[in-house]
Amino acid sequence: MGRESDECDVVIVGGGPAGLSAAIRLKQLACEAGEEVRVCVVEKAPEIGAHILSGAVLEPRALKELFPDWKERGAPLHTPVVKDRYSLLTKSHRIPLPVPRGTPMHNPGSNYIVRLGHLVRWLGEQAEEAGVEVYPGIAASEVLYHSDGSVKGVATVDQGIAKDGSPKAGFARGMELHARLTLFGEGCHGSLTKSLFHQFNLRHSCQPQTYGLGLKELWEVEPAKHFPGHIEHTIGWPAPNDMYAGSFTYHLKEGDTPLVAIGYVVGLDYKNAYVSPYQEFQMWKHHPHISRLLEGGRRVGYGARALNEGGLQSIPQLAFPGGALIGCAAGFMNVPKIKGTHTAMKSGMLAAECAFEALSQTSSNA
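Since this is a predicted model, take the numbers as computed values, not measurements. (Residues numbered from 1 in each chain as written. Predicted model: local features only at pLDDT ≥ 70, side-chain atom pairs only at ≥ 80, totals over all residues. Heavy atoms only, no water.)

*Asks:* Just to check I follow, could you spell out the layout of surface pockets for this structure?
*Replies:* Over the atoms rolls a probe the size of a water molecule, and in doing so it shows where empty space is left. When its volume is computed, the second largest pocket comes out at roughly 300 Å³. Arg85, Lys225, Phe227, His251 and Leu293 are, among the 14 residues lining the second largest pocket, the residues nearest its centre. The set of elements that each furnish at least two residues to the lining of the second largest pocket consists of strand E5 (83–89), strand E15 (230–236), strand E16 (245–254) and helix H6 (288–294). Sorting elements by how many residues they give to the lining of the second largest pocket places H6 first, with four residues. Class assignment for the residues of the lining of the second largest pocket results in five nonpolar, four polar and five charged. (1 Å grid on protein atoms, 1.4 Å probe; cavity = no way out; pocket = protein on both sides within 12 Å on 5 of 7 lines; lining within 4 Å. Points joined across faces, edges and corners; volume = space filled by probe spheres on them. Helix = DSSP H or I, 4+ residues; strand = E, 2+ residues; numbered from the N terminus. Nonpolar A, V, L, I, M, F, W, Y, C, P; charged D, E, K, R; others polar.)

Structure, rendered in structure tokens:
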């Protein structure tokens, strides 16, 4: 059974910070030039922001570049960072460590604690207002190629497949989205991105990527224990000295509900095959310093995600015939800052500017 197809100028795989920033920037450039550019975003989550975990510290530089009037537009940045702590945990004690002003981990004065899912949902609204076609609930399952080997677009996943792989009564083939350029922003270790690594040998001149697993929970705590704008990062217990791991605690100001986002990250290069990152997280929550915060509260959300931790030396070749990698698909997380949203957004914006220039040159030469 064949697939139906549709044509557009740019297809963006992934409706996260990178993909939506790229889409918005493309429409901004097209508006400034008085041109019409059709931009489509496909996102596997049932709604934009649904697969984004709460709790992040945002450096707002890229957001300010994308929307200088972000405050007037109602961007959900409600919690400026007012206090920063860094601690070494032993089994029963907390040892404070300095966070000097000007170091990558220093946050007060310019950064915000955000519920990233809310921010991404807001970016999706801005994208739709700009004329971007946003399609949530649609996963891209295959990269399509022209006869010359360049990327032609993507195909979406088939619907109505039984557990054994056979088509059910409501079976429907996915759709082919053909584009002049395709941007891949599907996040860390995405399946299409991995196929592109092999197809175009994009990792030939960089170091291997390294990964971490981040576990997050959102808690409603007792009001007396809630300090909006306070953040803390810890290292040490329960991780042994030969295992890379650390935690975060972010106090959010979201209405009248005293919310705290907590999380634990374990580098996936640990040598002990019996280590369970989930169990390490549970042990950390029982440390006296942490359990005092959580006692009397209730967990209201949880999740986990993979993280790129290789840094600058692990970023692959970004551009290839017919497309480019953006955001965490390429590995733009800034590990010393413990941040990646602003670099993901900026990578999408830069890719959009290059894409628009390429589209304009192609149109003028046609």
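Moving on, there is more to tell.
*Asks:* Can you help me understand unusual backbone geometry in this one?
*Replies:* Note on backbone geometry: most residues besides glycine have negative phi, and most peptide bonds are trans. Residue Pro238 follows Trp237 across a cis peptide bond; omega there is 10 degrees. Topologically, Pro238 is positioned in the loop between E15 and E16. Notably, Asn201 is not glycine yet its phi reads approximately 50 degrees, a positive angle. The residue Asn201 is located in the loop between helix H4 (191–200) and strand E14 (211–220) in this model.

*Asks:* Explain the nonpolar core here, please?
*Replies:* Generally speaking, soluble globular proteins have nonpolar side chains that are buried together. Ranked by size, the top nonpolar core spans 45 residues in total, and within it Ile12, Leu63, Phe67, Leu77, Leu123 and Leu183 carry the most contacts. The residues touching Leu63, leaving out its near neighbours within four places in the chain, are Leu58, Trp70, Ala75, Leu77, Trp122 and Met345. (Core = buried A, V, L, I, M, F, W, Y, C linked by side-chain atoms within 4.5 Å. Buried < 20%, exposed > 50% of the residue type's maximum accessible area, 1.4 Å probe, protein only. Contact = heavy atoms within 4.5 Å.)

*Asks:* When you look at helix H3 (residues 116–130) in this model, what are you seeing that I'm missing?
*Replies:* For H3, spanning 15 residues, the distance from its first C-alpha to its last is 21 Å, which sits close to the expected 21 Å at 1.5 Å a residue. Here H3 has its buried residues at Leu116, Gly117, Leu119, Val120, Trp122, Leu123, Gly124, Gln126 and Ala127. (Expected span 1.5 Å × (residues − 1).)

*Asks:* Which parts of the structure should I look at to understand the packing of aromatic side chains?
*Replies:* Geometrically, a pair of aromatic rings is defined through the distance of the ring centres and the angle of the planes. Enumeration according to the criterion identifies eight aromatic pairs in this entry. Taking the centre distance of 5.8 Å and the plane angle of 80 degrees together, the rings of Trp70 and Tyr112 count as edge-to-face. With a gap of 42 residues between them, Trp70 in the loop between helix H2 (61–66) and strand E4 (79–80) and Tyr112 in strand E7 (residues 112–114) connect regions that are remote in the sequence. The exposure class of Trp70 is buried, given its relative accessible area of 5%. (Phe/Tyr/Trp six-rings, centres within 6.5 Å; stacked < 30°, edge-to-face > 60°.)

*Asks:* Got a minute to help me understand the sheet that holds E5 in this structure?
*Replies:* Taken together, the seven strands give an open sheet; going across it, the order is E6-E5-E15-E16-E17-E14-E18, and neighbouring strands pair in mixed fashion. Here the strands that pair on one side only, and so sit at the sheet edges, are strand E6 (94–97) and strand E18 (298–308). For this sheet the average axis-to-axis angle between neighbouring strands, irrespective of direction, equals 20 degrees. Pairing of E15 with E16 involves four bridges; the strand directions are antiparallel. Paired with Ile231 across the bridge in E16 is Tyr250. With respect to the sheet, helix H5 (residues 277–285) is in contact with E5, E14, E15, E16 and strand E17 (257–267), its orientation differing from that of E17 by roughly 135 degrees. (Pairing = 2+ DSSP bridges. Axes fitted to C-alpha atoms, helices over the stretch in contact; angles between N-to-C directions.)

*Asks:* Looking at this structure, I do not really get empty space enclosed by the protein. What am I missing?
*Replies:* As enumerated under the stated definition, the model contains one cavity of 30 Å³ or more in all. By volume, the largest cavity amounts to about 50 Å³. Surrounding the largest cavity, 13 residues form its lining, His189, Phe197, Tyr211, Asn308 and Ala329 being those nearest its centre. No other element matches H4, which puts three residues into the lining of the largest cavity.

Any functional reading would require information beyond the geometric quantities listed.
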